[in-house]
Structure formats: C-alpha cells, structure tokens
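Observations on the three-dimensional arrangement
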Amino acid sequence: MRFPDCGDRPIGIYPVVDRTEKLRPLYECGITTAQLRIKDMQGMELENEIVEAIKVSREFDVRFFVNDYWELAVKHQAYGIHLGQEDIQEADVQAILDAGIRLGISTHTPKEIDIALGFEPSYLAIGPVFEPISKELTYDPVGIDLLKRWAEHVEYPVVAIGGITIDNIKEVAQTKAASGIAMISGVLEGNNVSKEKTGALIGVFEAYGI
Ligand SMILES: Cc1ncc(COP(=O)(O)OP(=O)(O)O)c(N)n1
Ligand SMILES: Cc1ncsc1CCOP(=O)(O)O
Ligand SMILES: [Mg+2]
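What comes next is a walk through the structure. Please read these numbers as outputs of a predicted model, since none were measured by experiment. (Residues numbered from 1 in each chain as written. Chains lettered and ligands numbered in written order. Predicted model: local features only at pLDDT ≥ 70, side-chain atom pairs only at ≥ 80, totals over all residues. Heavy atoms only, no water.)

Some points on the site of ligand 2
- Around ligand 2, the neighbouring residues are R37, P132, I133, S134, K135, L137, I161, G162, G163, M183, I184 and S185.
- Between I184 and ligand 2, the recorded distance is 2.8 Å, taken from a backbone N or O atom to an oxygen atom.
- Measuring from an oxygen atom of ligand 2, one finds a side-chain N or O atom of S185 at 2.6 Å.
- Protein burial of ligand 2: of its 380 Å² of free accessible surface, 94% is covered by the chains.
- Class assignment of the residues belonging to the shell around ligand 2 gives a composition of six nonpolar, four polar and two charged. (Near = heavy atom within 4 Å. Polar contact = N/O pair within 3.5 Å; in protein donor to acceptor, adjacent residues only side chain to side chain. Areas by Shrake-Rupley, 256 points an atom, 1.4 Å probe, with all protein chains shown as cover. Nonpolar A, V, L, I, M, F, W, Y, C, P; charged D, E, K, R; others polar.)

Here is the structure:
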C-alpha cells in the first residue's frame, strides 16, 4: 500500500494554517511544506479555499497538505492529505493511494504509531511534543526523549508537532528524529503570519535539524 514519499528534501518547518491567505507570506520566507487546517467552513467556501491553496502552493512548488477533507484533496489533486486516527479509519485509503496523493497520519501513542505504520504513510506525525497551544488534547505531552525513542522505530519520515515555538524548537531539531517540525501558533504574531518568527524557525531547523 506504500504511499509516495515527500522527496529528498527534509519536510522542514511545516506550518499548519487556518486560511489560504497565510500561505503566500510563509512561502515567501522559504517554507517548503504547509497544511491547510480549516475547522469553520463548509461547502463552496471551503472548496474554494482549498483550490486557491493548491494553486498558490504549486506556484511556489510547496508540498501542500489538506487536513481532514480527503475527498476534496483527491478531487483537486492536492500534493497530500493529513488525517487523524479516527479519520483514517473512515477514509477511502485506496482511493487516496490510487490518486497518487501523499498521506500523513497523526499519532500520539505507540499503539497509534503501529496503526499508522500499517498504512505505509508518506510521513507520520508524533505529538504533542509539548503542551499544545492551539488545540485541546487529552494526550499528555510526549516530550523530547520519547519523541526520539518512538521515532527510532519508524522507518518513515517523522513530523513533530505540539507546542513547538522559537523558544523550544532547537531541542526538537537537535533530536534529528524529525524530518519535519509542524506548528500552528509558532509562525504567528496574533492571527497573522510573522515572517520574522518563520525565518528564525527555518534558521534553527537548517542549523540543527536533519
Ligand atoms: C502535521 C500534523 N500533525 C498532526 C495534526 C493533527 O491532525 P488531526 O489528528 O487530524 O487533528 P486536527 O488537526 O484535524 O484537529 C495535523 N493537523 N498536522
Ligand atoms: C493540531 C495538533 N495536533 C497535535 S498538537 C496540535 C496543535 C498544534 O498547535 P500549536 O503548534 O499551536 O501547539
Ligand atoms: Mg484532522
């Protein structure tokens, strides 16, 4: 079932945004992987957001993932889809594979890692590394040591997520366990993209990451 990989470059700093308008400033900073995670739209408004996001991501040759809405990602040929543990059980995984679209899966425990490995995904996200800022989770923070230990058993690219900001990213990058480091609030100043923070995050990843 193996899903296509994300290419030779590390996934790198991997912003997760709630609106397409946030993507261009991130791409202008040199971001090469990003995700659109919309929780407050539906219908044509949602589909138009995704179509526009795919368009601007292709313009910058960015590896763009859609969160949750796998049918729209397949319909509009997004680069990839990110699904959670519940979503992956309900999705038509074969249809995603047949469409040649990449698949990222969330994990929070060794059991969930084992489940995700069964899908042979393009990457496997592990989190929350620290206390998450933008999402309430029932899972305890994984921490740096377990991130390293769990990632050792994963032969797919690992993405770390959860509470990661410019203040703590160095210790995550130094594990060299994560091909990608994802965040929601870490690239923002209020509700706007901070090019300064984004550039600093990229600098740390390039200096200490894989
Ligand atoms: C890179 C990355 N990792 C984890 C998540 C969380 O996805 P999911 O479990 O589907 O939860 P929601 O984001 O939908 O609340 C993610 N989106 N991206
Ligand atoms: C969606 C998600 N999945 C695990 S933690 C998280 C929220 C990440 O938000 P932040 O980067 O602001 O902590
Ligand atoms: Mg989701």
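Next, the rest of the story.
Here's the deal with the pairing of strand β4 (residues 80–83)
- In β4, alternate side chains face the same way, and those of G80 and H82 on one face and I81 and L83 on the other are all buried.
- For the crossover that starts at strand β3 (residues 63–67), traverses helix α3 (residues 70–75) and ends in the parallel β4, the hand is right-handed. (Buried < 20%, exposed > 50% of the residue type's maximum accessible area, 1.4 Å probe, protein only. Helix = DSSP H or I, 4+ residues; strand = E, 2+ residues; numbered from the N terminus. Right-handed = clockwise from strand over helix to strand, strands pointing away.)

As for the site of ligand 1
- Taken together, 17 residues sit near ligand 1, with R37, K39, N67, S106 and K135 positioned nearest.
- Contact between ligand 1 and G84: an oxygen atom at 3.2 Å from a main-chain N or O atom of the residue.
- Between K135 and ligand 1, the recorded distance is 2.8 Å, taken from a side-chain N or O atom to an oxygen atom.
- Across the complex, the protein chains shield 90% of the 420 Å² of accessible surface that ligand 1 would expose by itself.
- If you list the elements that add at least two residues to the shell around ligand 1, you get β4, β6 (123–126) and β7 (158–161).
- Residue classes in the shell around ligand 1 are distributed as seven nonpolar, five polar and five charged.

Some remarks on the sheet that holds β4
- Taken in spatial order, the eight strands line up as β1-β2-β3-β4-β5-β6-β7-β8 and close into a barrel, and their pairing is parallel. Averaged over all adjacent pairs, the angle separating strand axes in this sheet is 25 degrees, with direction ignored.
- Inspection of the sheet shows strand β1 (residues 12–17) paired to strand β8 (residues 180–183) by four bridges, in the parallel sense. When the bridges of β8 are listed, G12 appears paired with G180.
- Across the sheet, helix α9 (residues 195–208) lies against β1 and β8, angled at about 145 degrees from β1, the strand it touches most. (Pairing = 2+ DSSP bridges. Axes fitted to C-alpha atoms, helices over the stretch in contact; angles between N-to-C directions. Contact = heavy atoms within 4.5 Å.)

Comments concerning the coordination of the magnesium ion (ligand 3)
- Note on the magnesium ion (ligand 3): its protein donors are N67 (OD1) and D68 (OD). The metal-donor distances range over 1.9 to 2.5 Å.
- Take N67: its relative accessible area is 6%, and that puts it in the buried class. (Donors = N, O, S within 2.8 Å, 3.2 Å for Na, K, Ca; no water.)

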